[in-house]
Amino acid sequence: QKEVEQDPGPLSVPEGAIVSLNCTYSNSAFQYFMWYRQYSRKGPELLMYTYSSGNKEDGRFTAQVDKSSKYISLFIRDSQPSDSATYLCAMLMNNNAGNMLTFGGGTRLMVKP
Amino acid sequence: DAGITQSPRHKVTETGTPVTLRCHQTENHRYMYWYRQDPGHGLRLIHYSYGVKDTDKGEVSDGYSVSRSKTEDFLLTLESATSSQTSVYFCAITRGLGSGNTIYFGEGSWLTVV
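Residues numbered from 1 in each chain as written. Chains lettered and ligands numbered in written order. Predicted model: local features only at pLDDT ≥ 70, side-chain atom pairs only at ≥ 80, totals over all residues. Heavy atoms only, no water.

Asks: Now, about the sheet that holds strand β6 (residues 54–58) of chain A: what can you tell me, with residues and values included?
Replies: All names here are of chain A. The antiparallel open sheet is built from five strands, whose spatial order is β1-β3-β8-β7-β6. Each end of this open sheet is capped by a strand with a single partner; those strands are β1 (4–6) and β6. Averaged over all adjacent pairs, the angle separating strand axes in this sheet is 20°, with direction ignored. Bridge count between strand β7 (residues 61–66) and strand β8 (residues 71–76): six bridges; the pairing is antiparallel. Along β8, the bridge assignment pairs Thr-62 with Phe-75. (Pairing = 2+ DSSP bridges. Helix = DSSP H or I, 4+ residues; strand = E, 2+ residues; numbered from the N terminus. Axes fitted to C-alpha atoms, helices over the stretch in contact; angles between N-to-C directions.)

Written out as structure tokens, the structure is:
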């Protein structure tokens, strides 16, 4: 079983829809939770990160963490065609040698005009 | 922009040949990473560096070596390329440890081993 599980999609929604992207994880040692957005043939781009359980909002994006259930979500409101990309969740543990990220496999999102 | 430059961006090479990918950063970050990205596997850590001449293995290090002789450059070498190493390779940096300091990625190097 992978440490981080993410539905690969693709997820296709109409413009303006609310999108929900999710990941589950198994390692309780993960301390920080990130969402990256990756456009085709580009590097992953940090979208949001959270530390504690609860919600964090940034514009149309809301990241939610439930540590008790080992479940994280990313919500996108009023989705736009420009949101079409692959979304990667990532979990981070600090150790003395650096920040170690474990990624989900990514969910491909398509927002249709 | 995290000041990361990867080279080459695209390369086709033959099985058994050595290949070196270069990651160059301009912001004097201590920590640097090499990841590979494959369908169905997401991003997986190959090697990382926590300072000049200080490196360690990641999850998928077999067949790869790294070197960091100066802060700004982190080199990934495939000593004898195999078809299983056809992948997209991303270099990354972190601006520090602890809360708020996460990992930023370069634009990727597409490697095809034929």
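Having put the structure on the table, let's press on.
Asks: Tell me about the state of the cysteines, and name the residues and values.
Replies: The tally for this structure, following the rule as stated, stands at two disulfides over all chains. Disulfide pairing is shown between Cys23(A) and Cys89(A); the S-S distance is 2.0 Å. Judged by the torsion about the S-S bond (-100°), the Cys23(A)/Cys89(A) disulfide is left-handed. One end of the pair, Cys23(A), is in strand β3 (residues 19–25); the other, Cys89(A), is in strand β9 (residues 85–95), and 66 residues separate them in sequence. Accessibility classification places Cys23(A) together with Cys89(A) in one group, the buried group. A sulfur-sulfur separation of 1.8 Å characterises the disulfide bridge that pairs Cys23(B) with Cys91(B). An S-S torsion of about -70° defines the bridge between Cys23(B) and Cys91(B) as left-handed. You can see Cys23(B) sitting in strand β3 (residues 19–25) and its partner Cys91(B) sitting in strand β9 (residues 87–94), a full 68 residues away along the chain. As far as the burial class goes, Cys23(B) and Cys91(B) line up, both buried. (Disulfide = S-S within 2.5 Å. Buried < 20%, exposed > 50% of the residue type's maximum accessible area, 1.4 Å probe, protein only.)

Asks: Could you give an account of the nonpolar core, naming the residues involved and the relevant values?
Replies: Membership of the largest hydrophobic core comes to 24 residues, with the highest contact counts inside it found for Trp35(A), Ile72(A), Leu74(A), Tyr87(A) and Met91(A). Going through the elements one at a time, β3, β4 (32–38), β5 (45–50), β7, β8, β9 and β11 (107–112) of chain A are the ones with two or more residues in this core. Not counting the four nearest positions on each side in its chain, Tyr87(A) is found in contact with Gln6(A), Leu21(A), Trp35(A), Tyr36(A), Arg37(A), Leu47(A), Leu74(A), Ile76(A), Gly106(A), Thr107(A) and Leu109(A). Ranked by size, the runner-up nonpolar core spans 21 residues in total, among them Tyr32(A), Leu88(A), Phe103(A) and Tyr33(B). (Core = buried A, V, L, I, M, F, W, Y, C linked by side-chain atoms within 4.5 Å. Contact = heavy atoms within 4.5 Å.)

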